[in-house]
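So you can see what is in the structure, the chains are spelled out below.
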Amino acid sequence: MRFNLKRAKSLGAACCGGQGFILTQLSGTGFAFLCAMGTVLTKVLAPGEVMLADTHSVLAFDGTVGYSIRRVGNCKTMCCGGEGLFNTKLTGPGTVWLQSQNMHKFVTTVAAQVIREERMKQSSAAAAQSGGGN
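It should be emphasised that the depicted structure is a prediction, and the values quoted were computed from it without experimental measurement. (Residues numbered from 1 in each chain as written. Predicted model: local features only at pLDDT ≥ 70, side-chain atom pairs only at ≥ 80, totals over all residues. Heavy atoms only, no water.)

What follows covers the environment of Met-51. Structurally, Met-51 is set in strand β4 (residues 50-54). Taking the C-alpha atoms as reference points, Met-51 and Asn-87, separated by 36 residues in sequence, lie 9.8 Å from one another. If near-sequence neighbours (up to four positions away) are discounted, Met-51 is found in contact with Lys-43, Leu-45, Thr-88, Lys-89, Leu-90, Val-96 and Leu-98. (Helix = DSSP H or I, 4+ residues; strand = E, 2+ residues; numbered from the N terminus. Contact = heavy atoms within 4.5 Å.)

Here we come to the sheet that holds strand β7 (residues 86-91). Whenever strands of a sheet pair, they do so through backbone hydrogen bonds, lying parallel or antiparallel. With antiparallel pairing, three strands are arranged side by side in an open sheet as β4-β7-β6. Two strands lie at the open edges of the sheet, namely β4 and β6 (66-71), each paired on one side alone. Each strand axis lies, on average, 35° off the axis of its neighbour in the sheet, ignoring direction. Summarising the sheet, β4 and β7 pair through five bridges and their orientation is antiparallel. (Pairing = 2+ DSSP bridges. Axes fitted to C-alpha atoms, helices over the stretch in contact; angles between N-to-C directions.)

Turning next to the nonpolar core. Among the nonpolar cores identified, the biggest contains 10 residues, and these are Leu-23, Leu-45, Met-51, Ala-53, Val-58, Val-65, Tyr-67, Leu-90, Val-96 and Leu-98. Contributions of two or more residues to this core are made by β4 and β8 (94-101). Contacts of Leu-90, omitting those with residues within four sequence positions, involve Leu-45, Glu-49, Val-50, Met-51, Val-58, Phe-61, Val-65, Gly-66, Tyr-67 and Val-96. (Core = buried A, V, L, I, M, F, W, Y, C linked by side-chain atoms within 4.5 Å. Buried < 20%, exposed > 50% of the residue type's maximum accessible area, 1.4 Å probe, protein only.)

What follows covers the pattern of salt bridges. Enumeration according to the criterion identifies one salt bridge in this entry. Two residues, Lys-43 and Glu-49, come together in a salt bridge whose shortest N-O distance is 3.3 Å. With relative accessibility at 34%, the residue Lys-43 sits in the partly exposed group. In this structure Glu-49 comes out as partly exposed when scored by relative accessible area, which is 28%. (Salt bridge = Lys/Arg side-chain N within 4 Å of Asp/Glu carboxyl O.)

On to the packing of aromatic side chains. Evaluated as defined, the whole model comprises one aromatic pair. Look at Phe-61 and Tyr-67: their rings are 5.2 Å apart centre to centre, the planes differ by 25°, and that puts the pair in the stacked class. Classification of Phe-61 as partly exposed rests on a relative accessible area of 23%. When its relative accessible area of 8% is taken as the criterion, Tyr-67 is described as buried. (Phe/Tyr/Trp six-rings, centres within 6.5 Å; stacked < 30°, edge-to-face > 60°.)

Okay, the sheet that holds strand β5 (residues 58-61) next. Taking strand neighbours across the sheet as the criterion, the three strands line up as β3-β8-β5 in an open arrangement whose pairing is antiparallel. Edge positions in the sheet fall to β3 (37-45) and β5, since each of these pairs with one other strand and no more. Averaged over all neighbouring strand pairs, the angle between strand axes comes to 20°, with direction disregarded. Strand direction decides the pairing type here: β3 and β8, joined by seven bridges, are antiparallel. Bridge pairing in β8 places Val-40 opposite Gln-99.

Examined bridge by bridge, β5 and β8 share three bridges and lie antiparallel to one another. In the sheet register, Phe-61 faces β8, and the bridge partner there is Val-96.

Before going further, it helps to spend a moment on the environment of Leu-45. You can see Leu-45 is positioned in strand β3. The buried category is assigned to Leu-45, whose relative accessible area is 2%. Taking the C-alpha atoms as reference, Leu-45 lies 4.7 Å from Gly-92; in sequence the two are 47 residues apart. Those residues within four positions of Leu-45 in sequence are excluded, and the remaining contacts are Met-51, Val-65, Leu-90, Thr-91, Gly-92, Pro-93, Gly-94 and Val-96.

Below, the structure is given as structure tokens:
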């Protein structure tokens with residue numbers, strides 16, 4: 001198996017596509033172990049078939065798959081929708097691997113839960129100090 005580094009095809013995809021400026025290209029035969037979170041989904045795209053995915057959900061794709069970005073909705077959607085500014089546009093033919101969870105979402109979820117639990121502890125401690133509200 002060979003590993004090569006490859007530049008993203010466009011500046012927009014490099015900056016906003018979720019994969020960065022440098023892509024790792026694997027070729028040859030053998031096994032590759034990829035770090036993913038959640039469920040890994042595999043989708044085979046037909047020639048010309050387009051798939052939109054969250055920028056951080058793309059795990060890997062064949063070299064035959066086109067890779068670009070597409071703006072998400074209008075200004076209101078981009079600012080208030082919680083989905084970010086861009087989605088990754090993948091165009092077939094080829095295979096795409098997606099992850100259902102990504103590190104950013106995982107950390108955000110865990111941090112929110114830790115903060116909630118801390119606030120509950122502080123509320124309970126404050127209520128106990130004030131006599132339990134009696």
